[in-house]
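Here's the letter readout for the chains.
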Amino acid sequence: MKRAPGEIRAQIAAMPIRRLADGSMEILLVTSRTTHRWIVPKGWPIKGLTAPEAAAREAFEEAGVVGRIVPEPAGSYIYWKRMSDHFALCEVTLYLLEVERQLPSWAEQGQRQVQWFQPDDAADLVDEPELATAIRNLTSVLVS
């Protein structure tokens, strides 16, 4: 089905977090496959899965992490996605993933870098200003 020009497309994303022994928190970022920018694991909705389930699947495939996905959205952001022949405006709904373990191997392991960051560093590394804001907003909610 052809989309109307300028139509906003929906995506889902996981924001994987883990708590360290000292009580601090880290956020997992992955690089995109084509531009190698730091992002959170994200993708298109998956038929037969709820949005939070699809977000958890993306984190599993892109970063090899599994855990508890929070069913309520933790935020959203809008960005321009580079497609093969144009750009598409996407609104991404973020779901918090409390990571319980990281697998030794996963589907997209050789295609992306995966790294844990302190929240402020993660916010500074992502290119999308609205994602950076969502990371900063999320951490202020979780720390309090």
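Calculation criteria
- Residues numbered from 1 in each chain as written.
- Predicted model: local features only at pLDDT ≥ 70, side-chain atom pairs only at ≥ 80, totals over all residues.
- Heavy atoms only, no water.
- Salt bridge = Lys/Arg side-chain N within 4 Å of Asp/Glu carboxyl O.
- Helix = DSSP H or I, 4+ residues; strand = E, 2+ residues; numbered from the N terminus.
- Buried < 20%, exposed > 50% of the residue type's maximum accessible area, 1.4 Å probe, protein only.
- Contact = heavy atoms within 4.5 Å.
- Core = buried A, V, L, I, M, F, W, Y, C linked by side-chain atoms within 4.5 Å.
- Polar contact = N/O pair within 3.5 Å; in protein donor to acceptor, adjacent residues only side chain to side chain.
- Phe/Tyr/Trp six-rings, centres within 6.5 Å; stacked < 30°, edge-to-face > 60°.
- Lys NZ or Arg CZ within 6 Å of the ring centre and 35° of its normal.
- Pairing = 2+ DSSP bridges.

Asks: With reference to specific residues and values, describe the pattern of salt bridges.
Replies: For the coordinates displayed, the defined rule picks out seven salt bridges. In this structure, the salt-bridge partner of Asp124 is Arg136, at a minimum N-O distance of 2.5 Å. Taken together, the residues Asp124 in helix H2 (residues 119–125) and Arg136 in helix H3 (residues 129–143) connect sequence positions 12 residues apart. Classification of Asp124 by relative accessible area gives exposed; the value is 56%.

Asks: Would you mind going over the side chain of Glu58 in detail, with residue names and values included?
Replies: Mapped onto the elements, Glu58 comes out in helix H1 (residues 51–63). Beyond its immediate sequence surroundings of up to four residues, Glu58 is in contact with Ile12, Pro41, Lys42, Gly43, Trp44, Ile46 and Ala63.

Asks: An account of the nonpolar core is requested, with residue identities and associated values reported.
Replies: A general trend in soluble globular proteins is that nonpolar side chains are found buried together. Ranked by internal contacts, the top residues of the largest apolar core, which has 24 residues, are Ile27, Leu29, Val40, Tyr77, Leu94, Leu131 and Ile135. For this core, the secondary structure elements donating two or more residues are strand E1 (9–19), strand E2 (25–31), strand E6 (75–82), strand E7 (87–102), H2 and H3. Take this core: its biggest share by element is five residues, from H3. Residue contacts for Leu29: discarding those within four places in its chain leaves Trp38, Ile39, Val40, Gln113, Val114, Gln115, Phe117, Ala122, Leu125 and Val126.

Asks: Explain the side chain of Thr31 to me, using residue names and the numbers behind them.
Replies: If you trace the backbone, Thr31 turns up in strand E2. Thr31 gets classed as buried once you look at its relative accessible area, which sits at 2%. Within the structure, the side chain of Thr31 is placed 2.8 Å from the backbone nitrogen of Gln113, a separation counted as a polar contact.

Asks: Mind laying out unusual backbone geometry, listing which residues take part and the relevant values?
Replies: The backbone phi angle of His36 is positive, close to 60°, even though this residue is not glycine. With respect to the secondary-structure elements, His36 resides in the loop between E2 and strand E3 (38–39). Residue His36 is classed as exposed on the basis of its relative accessible area of 51%.

Asks: Describe the packing of aromatic side chains, with residues and values.
Replies: For any two aromatic rings, the description comes down to two numbers: the centre-to-centre distance and the angle of the planes. Per the counting criterion, the structure on display carries two aromatic pairs. When the centroid spacing of 5.1 Å and the interplanar angle of 80° are considered together, the rings of Trp38 and Phe117 count as edge-to-face. One end of the pair, Trp38, is in strand E3; the other, Phe117, is in strand E8 (residues 114–117), and 79 residues separate them in sequence. There is no split in this pair, since Trp38 and Phe117 are both buried. Measuring from centroid to centroid gives 5.9 Å for Tyr77 and Tyr79, while their planes differ by 40°, and the two rings are tilted. Both residues of the pair, Tyr77 and Tyr79, count as buried. Taking the ring centre of Trp44 as reference, the NZ or CZ of Arg9 above it sits at 4.1 Å.

Asks: Break down the pairing of E7 for me, citing the residues and quoting the values.
Replies: Relative to E7, E1 runs parallel, the two sharing nine bridges. In the strand pairing of E7, Ala10 is matched with Glu91. Two strands pair when backbone bridges link them, and E6 and E7 are joined in this way by eight bridges, in the antiparallel orientation. Considered in E7, the bridge of Tyr77 is made with Val92. Hairpin connection, E6 to E7: the antiparallel pair is bridged by four residues.

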